[in-house]
Structure formats: C-alpha cells, structure tokens
Amino acid sequence: MEKKYILILKGTILFTPTAGKFEIHPDSYLIAQGGLICGIYKDLPEKYKDLTIEDYGNSLIIPGFVDLHTHAPQFNQIGLGLDYKLLDWLNHYTFQEENKFRQIEYAQKVYEKFADTLVSSGTTRSAIFATIHPKSCQILFEILKKKGLGAYLGKVNMDTKCPDFIKENTQQSLANTEELILAWSDSELVKPIITPRFAPTSTRKLLEGLGKLALKYNLPVQSHLAENPGEIEWVQALFPEHDAYYKVYDHYNLFGQTPTLMAHCIHLTDDEIDILATKKVVPVHCPDSNLNLTSGIMPTRKMLKAGVNIGLGSDIGAGHSLFMPQIIVRAIQLSKIYSLQHEEDAPLTLPEAFYMATKGGGSFFGKVGSFEPGYAADAIVIKNENLPSELSPLEEIQRFIYTGSAQNIAARYTAGKKL
Ligand SMILES: [Zn+2]
C-alpha cells in the first residue's frame, strides 16, 4: 500500500481503549494514513477537505474483530460430531477431515470459503491452525493475502500419538515448517506462527526443534493447554518428567519465550494462572468449543484479576461459528454461569468481552484493535437497523453483538484497505 494513502470514514465511532468501557464519538471522522489511525475528529480538519469521504451516516464504526484461535481445515466439519468429547472427537472426525488436505484441490475449495467467511464476519485478524500439509498451508497463506486479511498462520506439527495417515516424520516436519517460515516471514499482513498441535501429539525432538525455530526466527507460538481433564492426565503420563502441563511447552522454549497463544486454559491452578500473567502468555477463551465438547468453563474473571490478557477464539470446528459477536455473547453467558458457583467472580460485561475480541486480542498483532493514534486502521461498519424507536449508540452495539449477523456489516477495512 502506498504510504500516503488517506482513508476518511464518517459515522459514529465506537471502541474500547480500556477494558470495561466503550468510548463513543457520535457523528465524527476517523482518519487513517498509510494504514494507521491519525485521529478522530468532530469537524473535518481543513487539510482533508478536498479528499474523498466514505460517509456512513450515523452507522457505527467499530474495530475489526480478532479471532485468536481457529482451525481453517475444520471449516467443513462445523457442527459435526459434537456429542463427543475432545479426544474422541479428534479421532472420529477431525483427523479424518484434516487428512483430506493432502489434496490441494480440496484445500483450495475449503480455504476459499473459510477466508470469505472471515471477511463477511468482520474478522480482520486471526490466529489460524492449518494442517500438517505444507502445500495446502502455502495455499491458505496465499488466499489470506489475496483477501487482504491479517493473520498468523501455522502449519500444524504432529509426529506421534495420532493415526499414521496424519503422522509426520520429525525431521521432515521441522524442515517443511522452516521452508514456510522463510517464504512468509517478510509478508506484511499474513505471517507464520509455530504451531505444535498440542503436547500429546509431539515427541520431545519435535518440541525441541520447534522451540529452536521460534527463537531463531523470533516467531510467536500457538498451541492448546489444559482443555480437558483426560488430555491433562494423558500429558502427565507421556511427560512424567514435568509436574505440570505448561512445563512441557516451557521446557522447549514454547511458552512465553516469544509471544505465545494457548487455547482454552480451563483447568489451571491459581499458581499456573499467575505464571500466564508473568510470562505474558495469552490464554484464548473459546466458549462455544468449550461448551460443545463439554470441556469446562475458563475462569475469566479470576484470570483478569491475576493480570492476564485474555483473547477470544471461535475454535471451529469444535466451535460452530466464525462470527465473533456470538463468541463475545457466549463468553459473557459462560461467565454468568461460572459466577453462580463462584460468588467472588463477577460475570464479564459487554465492553470487557468486546475488548477481548478487539484491543485485548489485537495486542498480539501489535497496535491492533483500537482507534487510538498509531493503531492499524482495522474497522468495520455496522448498518443501522430501521427500528420504530431510535437506539443510542450504546444500545446499537448491544443489539448488534447479541442479535446481529454478517448481513449487518456494510464494510470492512484491514490496515486502511477496504476488503
Ligand atoms: Zn483448537
């Protein structure tokens, strides 16, 4: 994008510079230059007067959503097999589906649909798992780039404790990963991330090699942690030298040595929650997935009180929707159920969960998810509903988050560029 490109959006600007409170600028101008926010103005400054204004009337303009945990190859299995719990669901559905991505024609079809759905849903940034297959992973990199989306994308690594048809040779797995890193490290919006599926499907050699790659190329890491009691017991049996699940990742430089996302983090001790905070590891709350696979409820309030920065994830296909407003709603609903059993932990509020899906999760990408000066101009426009009585901007966002759909989104921008 040319550095001088100036974007001017007019509407009612709404975002969460801090967790827990919406900042609202009715009838204002949001101005970005070279893909970065310059500021919000009630009156258009003189120097911009001759430029094109994208005038959305009194529609809401909010930051694009950030999905910090999702599995692109599971797009075609959304809603299937959700009467299983995690390990059976992996064996009965997911591994079979992911095996189809050895065919690049299949990958092309599913990944196009996946990326189109991200765009229509207003998700401008995401952290994505592909499969073990390097060629289809390369295709997903290209599709995301073509659509103008921002993403961290990881080729999945797994070399043990999974069916042979989807099990990698350790050295080949590391070599294929490094090849993709070299091809995509300098890309502007779509970048590689180290992605061991989770500890049980990784040998010590694989984890060691992946940790080395993360440090060598200063790359972020994503994986799964403490989703399900059966999984935790399995990790303890496989790695008896470590007395906690997270220590398996930590030992191999895959836990906060570089920026790290850990999906789920449901069954952690208080000490482990404190370690997330000190190591600045971002737990990704995937409420739909946690409900569907009967995994449990992440103690979000307890984590916030411990100073942890939480992100939100759709986690399809264990989750059943890529539409982040519904993930926001489910996170709030689960926190309400949790608070019934834990009086000291108040439920999440809407602006708190909105923050997780914008600035909180966005911080993994740098200055993303807010409209403060210097932030990436990632924005979506929410169409007004023609209701018999007018809603305030605060009511409009409440209505959209709870009842909206992709059809309510009129426009999407990533880094100042219209999608
Ligand atoms: Zn996952």
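- In the annotation of an unreviewed UniProt entry, the protein chain is listed under the name Guanine deaminase and assigned to Propionispira arboris.
- Taken from UniProt, the Function (unreviewed entry) comment for the protein chain reads in full: "Catalyzes the hydrolytic deamination of guanine, producing xanthine and ammonia."
- Recorded in UniProt for the protein chain, the comment headed Sequence similarities (unreviewed entry) runs: "Belongs to the metallo-dependent hydrolases superfamily. ATZ/TRZ family."

Some remarks on the overall build of the protein chain
Logical step 1: Tallying secondary structure elements over the protein chain gives 13 helices and 17 strands in all.
Logical step 2: Its C-alpha atoms give the protein chain a radius of gyration of 21 Å, within 12% of the compact-globule value 22 Å for 419 residues.
Logical step 3: Counting only C-alpha atoms and orienting by the principal axes, one finds that the protein chain spans roughly 65 × 50 × 35 Å.
Logical step 4: As displayed, the protein chain offers around 16700 Å² of accessible surface, 51% of which is attributable to carbon and sulfur atoms.
Logical step 5: In the protein chain, 41 positive and 47 negative side-chain charges are present, and the distance between their average locations comes to 4 Å.

Points about empty space enclosed by the protein
Logical step 1: Inspection of the entire model under this criterion finds two cavities of 30 Å³ or more.
Logical step 2: Lining the largest cavity are 13 residues, and of these Leu86, Trp89, Leu90, His224 and Glu227 sit closest to its centre.
Logical step 3: If one sorts the elements of the lining of the largest cavity by residue count, helix α1 (residues 86-99) sits on top with three residues.
Logical step 4: Of the residues belonging to the lining of the largest cavity, the class tally is six nonpolar, four polar and three charged.
Logical step 5: Considering only enclosed or pocket space, the second largest cavity measures out at about 60 Å³ in volume.

Here we look at the UniProt feature "domain: Amidohydrolase-related" (unreviewed entry) in the protein chain
Logical step 1: UniProt tags residues 61-408 as "domain: Amidohydrolase-related" (unreviewed entry).
Logical step 2: Helix makes up 44% of residues 61-408 and strand makes up 14%, while its end C-alpha atoms are separated by 12 Å.

Things to note about the coordination of the zinc ion
Logical step 1: Coordination of the zinc ion by the protein is provided by His69 (NE2), His71 (NE2), His224 (NE2) and Asp315 (OD), with metal-donor distances spanning 2.0 to 2.6 Å.
Logical step 2: The coordination sphere of the zinc ion comprises four donor atoms, whose angles at the metal cover 85 to 169°; the geometry is irregular.

Focus on the sheet that holds strand β13 (residues 282-285)
Logical step 1: Spatially, four strands are ordered β11-β12-β13-β14 in an open sheet, and the strand pairing comes out parallel. This sheet does not close on itself; its edge strands, each paired only once, are β11 (221-225) and β14 (311-312).
Logical step 2: Bridge analysis of β11 against strand β12 (residues 260-264) gives five bridges, and the strand direction is parallel. The residue of β12 that forms the bridge with Gln222 is Leu261.

Re the nonpolar core
A general tendency of soluble globular proteins is for nonpolar side chains to be buried together.
Logical step 1: Membership of the largest hydrophobic core comes to 75 residues, with the highest contact counts inside it found for Ile62, Phe65, Leu225 and Ile328.
Logical step 2: The residue makeup of this core includes at least three contributed by each of domain 1 (6-64 + 370-418) and domain 2 (65-365).
Logical step 3: Sequence-distant contacts of Ile328, defined by excluding residues within four places in its chain, comprise Phe65, Leu312, Leu350, Ala353, Phe354, Ala357 and Ile401.
Logical step 4: One finds Ala107, Phe114, Leu180 and Ile316 within the second-largest nonpolar core, a separate group that totals 27 residues.

A word on helix α13 (residues 393-403)
Logical step 1: When α13 is considered as a whole, its buried residues turn out to be Glu396, Ile397, Phe400 and Ile401. In a view along the axis of α13, the buried residues occupy a sector of 125°, so they form one face of it.

Observations regarding the domain arrangement of the protein chain
Logical step 1: Here the protein chain is partitioned into domain 1 (6-64 + 370-418) and domain 2 (65-365).
Logical step 2: Between the C-alpha centres of domain 1 and domain 2 the distance comes to 29 Å.
Logical step 3: Listed per partner, the contact involves 31 residues of domain 1 and 27 residues of domain 2.
Logical step 4: For the pair domain 1 and domain 2, the two sides together bury roughly 2200 Å², of which 68% comes from carbon and sulfur.
Logical step 5: Of all residues in domain 1, Ile401, Tyr402 and Thr414 give up the largest surface area on contact with domain 2, accounting jointly for 28% of the area buried on that side.

Examining the pairing of strand β15 (residues 379-382)
Logical step 1: Residues Ala379 and Val381 point to one face of β15 and Ile380 and Ile382 to the other, with burial holding for every one of them.
Logical step 2: Sheet analysis places strand β4 (residues 54-63) next to β15, joined by four bridges and oriented antiparallel. In the sheet register, Ile62 faces β15, and the bridge partner there is Ile380.

Overview of the layout of surface pockets
Logical step 1: Looking at the second largest pocket, its volume works out to about 230 Å³.
Logical step 2: Lys145, Gly148, Glu188, Leu189 and Lys417 are the residues nearest the centre of the second largest pocket, which is lined by twelve residues in total.
Logical step 3: Considering only residue class, the lining of the second largest pocket consists of six nonpolar, three polar and three charged.
Logical step 4: Built from parts of two domains, the lining of the second largest pocket gets at least three residues from each of domain 1 (6-64 + 370-418) and domain 2 (65-365).

Some thoughts on a nonpolar patch on the surface
Logical step 1: On the surface, Leu80, Tyr84 and Tyr93 cluster together into a nonpolar patch covering about 240 Å² of accessible area.
Logical step 2: For Leu80, a relative accessible area of 38% puts it in the partly exposed group.

As for the packing of helix α11 (residues 324-341) against helix α12 (residues 350-362)
Logical step 1: Between α11 and α12, the shortest axis-to-axis distance is 9 Å and the interhelical angle comes to 135°. Here α11 is positioned oblique relative to α12, judged by the angle of their axes. Here α11 runs over α12; the crossing is right-handed. Contacts between α11 and α12 involve Met324, Ile328 and Ile332 from the former and Leu350, Ala353, Phe354 and Ala357 from the latter.
Logical step 2: Here the contact of α11 with α12 is built from residues that sort into seven nonpolar, no polar and no charged.

Reading the values: rules and limits
- Residues numbered from 1 in each chain as written.
- Predicted model: local features only at pLDDT ≥ 70, side-chain atom pairs only at ≥ 80, totals over all residues.
- Heavy atoms only, no water.
- UniProt positions renumbered as here; feature names shortened; annotations may be inferred.
- Helix = DSSP H or I, 4+ residues; strand = E, 2+ residues; numbered from the N terminus.
- Rg over C-alpha atoms; globule rule 2.2 N^0.38 Å.
- Areas by Shrake-Rupley, 256 points an atom, 1.4 Å probe, with all protein chains shown as cover.
- Lys, Arg positive; Asp, Glu negative; His and termini not counted.
- Charge placed at Lys NZ, Arg CZ, Asp CG, Glu CD.
- 1 Å grid on protein atoms, 1.4 Å probe; cavity = no way out; pocket = protein on both sides within 12 Å on 5 of 7 lines; lining within 4 Å.
- Points joined across faces, edges and corners; volume = space filled by probe spheres on them.
- Nonpolar A, V, L, I, M, F, W, Y, C, P; charged D, E, K, R; others polar.
- Donors = N, O, S within 2.8 Å, 3.2 Å for Na, K, Ca; no water.
- Tetrahedral: all angles 85-135°; square planar, octahedral: opposite > 155°, others 65-115°.
- Pairing = 2+ DSSP bridges.
- Core = buried A, V, L, I, M, F, W, Y, C linked by side-chain atoms within 4.5 Å.
- Buried < 20%, exposed > 50% of the residue type's maximum accessible area, 1.4 Å probe, protein only.
- Domains from an automatic or database assignment.
- Contact = heavy atoms within 4.5 Å.
- Arc of directions from axis to C-beta.
- Buried area = accessible area lost by both parts, 1.4 Å probe.
- Patch = residues over 30% accessible without salt bridge, like charges linked within 9 Å, V, L, I, M, F, W, Y side chains within 5 Å.
- Salt bridge = Lys/Arg side-chain N within 4 Å of Asp/Glu carboxyl O.
- Axes fitted to C-alpha atoms, helices over the stretch in contact; angles between N-to-C directions.
- Parallel < 35°, antiparallel > 145°, perpendicular 65-115°, else oblique.
- Left-handed = near helix turned anticlockwise from the far one by under 90°.

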